[in-house]
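# Close look at the chain arrangement
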Amino acid sequence: MDELKAKYLEQIAYAADEAALEAIRVAAVGKKGEVSLQMRQLGKMTPEERQVAGPALNALKDEINAALAAKKSALADAALDERLKSEWLDVTLPTRARREGTIHPVSQVTEEVTAIFAEMGFSVAEGPRIDTDWYNFDALNIPSHHPARAEMDTFYMHRAESDDRPPHVLRTHTSPVQIRSMEKSGAPLRIICPGGVYRADYDQTHTPMFHQVEGLAVDRDISMANLKWVLEEFCRAFFEVDNVELRFRASHFPFTEPSVEVDLRCSWQDGTLKVGEGDDWMEILGSGMVHPKVLQAGGIDPDEWQGFAFGMGIDRIAMLKYGIPDLRAFFDSDLRWLRHYGFASLDVPTLRGGLSR
Ligand code: PHE
């Protein structure tokens, strides 16, 4: 018994890995292991012999099992140490170079716009890009035969010939989110809705998919003066200049009355835009006071509430602010373009931290 004990404890001590340990376990205390076979001999012994050999064999078995368990956990500890050593990371190393991966100008500008309007109490609302023509047109006071429907270059979704429900459309503007937000939250309301919109159009300043941000404020005594202040504050913050001058030009949209297009005073010098000076005017958005029929369509009583709304092209103001000449390149996924015009991913735009460092 002493020999068995010495033999197996030594083998266990020198076992190199778990597989070797398992082989030792089988050879010693497995079903047909040496110790187990000895235990089977107990039956053939006299009671006196058995009284001595029985407890001794049991003690031997326990000792070998304990040694196996201790060695197993020592091997596991050593393996973990080895792994920690090989997977060691120096967390004090500097981060990767700024321009390894970049934020697309559309995302950047969306974040900037959101930060500015958040400061003025607007929250962000979203709606589906595929919408019914009721939300995209009718609810916005654009009935079936209104010329604005034709002017929008709408993409209609396919319907089976037997299906005479009105077709779904790819939304042509973010204005349908006005209706959805009014339905959902009622008045008072202060939201912006950034997102993709679609029109069948393609040239240097038009792509079939582009981005708008809608603004909507509904309250008991909202006027054009509030609209003007909000837009001026926005332009000052967005273009990062103290002097901005806006020009409100009478226009027409079915969903606002009165309607204005808003131009920004600027100058072009050597192909670069300067905001707030010069003799040029740049159109940046459409807006107006929400038409009573639109409030009604959103479930809001126009005798009690008024509101203003505006819609602005995100890609367009991104091109102006960052001097990007061709809109089509926005959606080409050309890595060289993305590296050149993209933004560092860790610089989140905030008003206090700087919008576009
Ligand atoms: N929806 C209009 C467009 O796409 C913009 C707009 C929005 C105008 C809200 C007035 C009020 O051109």
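Remember, it's a predicted structure, so these values are computed and weren't measured experimentally. (Residues numbered from 1 in each chain as written. Predicted model: local features only at pLDDT ≥ 70, side-chain atom pairs only at ≥ 80, totals over all residues. Heavy atoms only, no water.)

## Looking at the overall build of the chain
Along the backbone of the chain there are twelve helices and twelve strands. Taking 357 residues into account, the globule formula puts the C-alpha radius of gyration at 21 Å, and the chain, at 37 Å, lies well above it. Here the C-alpha coordinates of the chain stretch approximately 115 × 55 × 40 Å along the principal axes. Residues counted as buried form 41% of the 357 residues belonging to the chain. Counting only contacts in the chain whose residues sit at least 6 apart along the sequence, the fraction spanning at least 24 positions is 65%. Entry remark: accessible area of the chain is about 20,200 Å², with carbon and sulfur atoms responsible for 52%. In the chain, which carries 40 positive and 56 negative side-chain charges, the distance between the mean positions of the two groups comes to 7 Å. (Helix = DSSP H or I, 4+ residues; strand = E, 2+ residues; numbered from the N terminus. Rg over C-alpha atoms; globule rule 2.2 N^0.38 Å. Buried < 20%, exposed > 50% of the residue type's maximum accessible area, 1.4 Å probe, protein only. Contact = heavy atoms within 4.5 Å. Areas by Shrake-Rupley, 256 points an atom, 1.4 Å probe, with all protein chains shown as cover. Lys, Arg positive; Asp, Glu negative; His and termini not counted. Charge placed at Lys NZ, Arg CZ, Asp CG, Glu CD.)

## Observations concerning the packing of helix α5 (residues 105-119) against helix α11 (residues 314-322)
Interhelical geometry of α5 versus α11 gives an angle of 95° and a closest axis separation of 9 Å. Relative to α11, α5 is oriented roughly perpendicular. Of the residues in α11, those in contact with Pro-105, Val-106, Gln-108, Val-109, Thr-110, Glu-112 and Val-113 of α5 are Ile-314, Asp-315, Ile-317, Ala-318, Lys-321 and Tyr-322. Partitioning the contact of α5 with α11 into residue classes produces eight nonpolar, two polar and three charged. (Axes fitted to C-alpha atoms, helices over the stretch in contact; angles between N-to-C directions. Parallel < 35°, antiparallel > 145°, perpendicular 65-115°, else oblique. Nonpolar A, V, L, I, M, F, W, Y, C, P; charged D, E, K, R; others polar.)

## Some words on the site of the ligand
Close contacts around the ligand come from 14 residues, with His-173, Ser-175, Arg-199, Gln-212 and Gly-311 the closest. Here a nitrogen atom of the ligand sits 3.0 Å away from a polar atom, N or O, in the side chain of Ser-175. Taking Arg-199, its side chain carries an N or O atom lying 2.9 Å from an oxygen atom of the ligand. For the shell around the ligand, the secondary-structure elements that each account for two or more residues are β6 (209-219), β10 (280-290) and β11 (306-313). Looking at which element gives the most residues to the shell around the ligand, the answer is β11, with three residues. For the shell around the ligand, the residue count by class is four nonpolar, eight polar and two charged. (Near = heavy atom within 4 Å. Polar contact = N/O pair within 3.5 Å; in protein donor to acceptor, adjacent residues only side chain to side chain.)

## Thoughts on the packing of aromatic side chains
Taken as a whole, this structure holds eleven aromatic pairs when the rule is applied. Note on Phe-253 and Phe-255: the rings are 5.7 Å apart at their centroids and 25° apart in plane angle, and the pair reads as stacked. Overall, Phe-255 belongs to the buried group, its relative accessible area being 11%. Plain terms: the ring middles of Tyr-322 and Phe-343 are 4.8 Å apart, the flat faces sit at 70° to each other, and that makes the pair edge-to-face. Taken together, the residues span a long stretch of sequence, with Tyr-322 in helix α11 and Phe-343 in strand β12 (residues 343-344) at a distance of 21 residues. Three or more aromatic residues joined by ring pairs form one cluster here, namely Phe-117, Phe-122, Phe-234, Phe-238, Phe-239 and Phe-310. The side chain of Arg-180 reaches across the aromatic face of Tyr-135, ending 3.8 Å from its centre. The ring centre of Tyr-202 lies 5.6 Å from the NZ or CZ of Arg-328, which sits over that ring. (Phe/Tyr/Trp six-rings, centres within 6.5 Å; stacked < 30°, edge-to-face > 60°. Lys NZ or Arg CZ within 6 Å of the ring centre and 35° of its normal.)

## Things to note about the domain arrangement of the chain
Entries for the chain in the domain assignment read domain 1 (2-86) and domain 2 (105-344). Relative to domain 2, the C-alpha centre of domain 1 lies at a distance of 78 Å. (Domains from an automatic or database assignment.)

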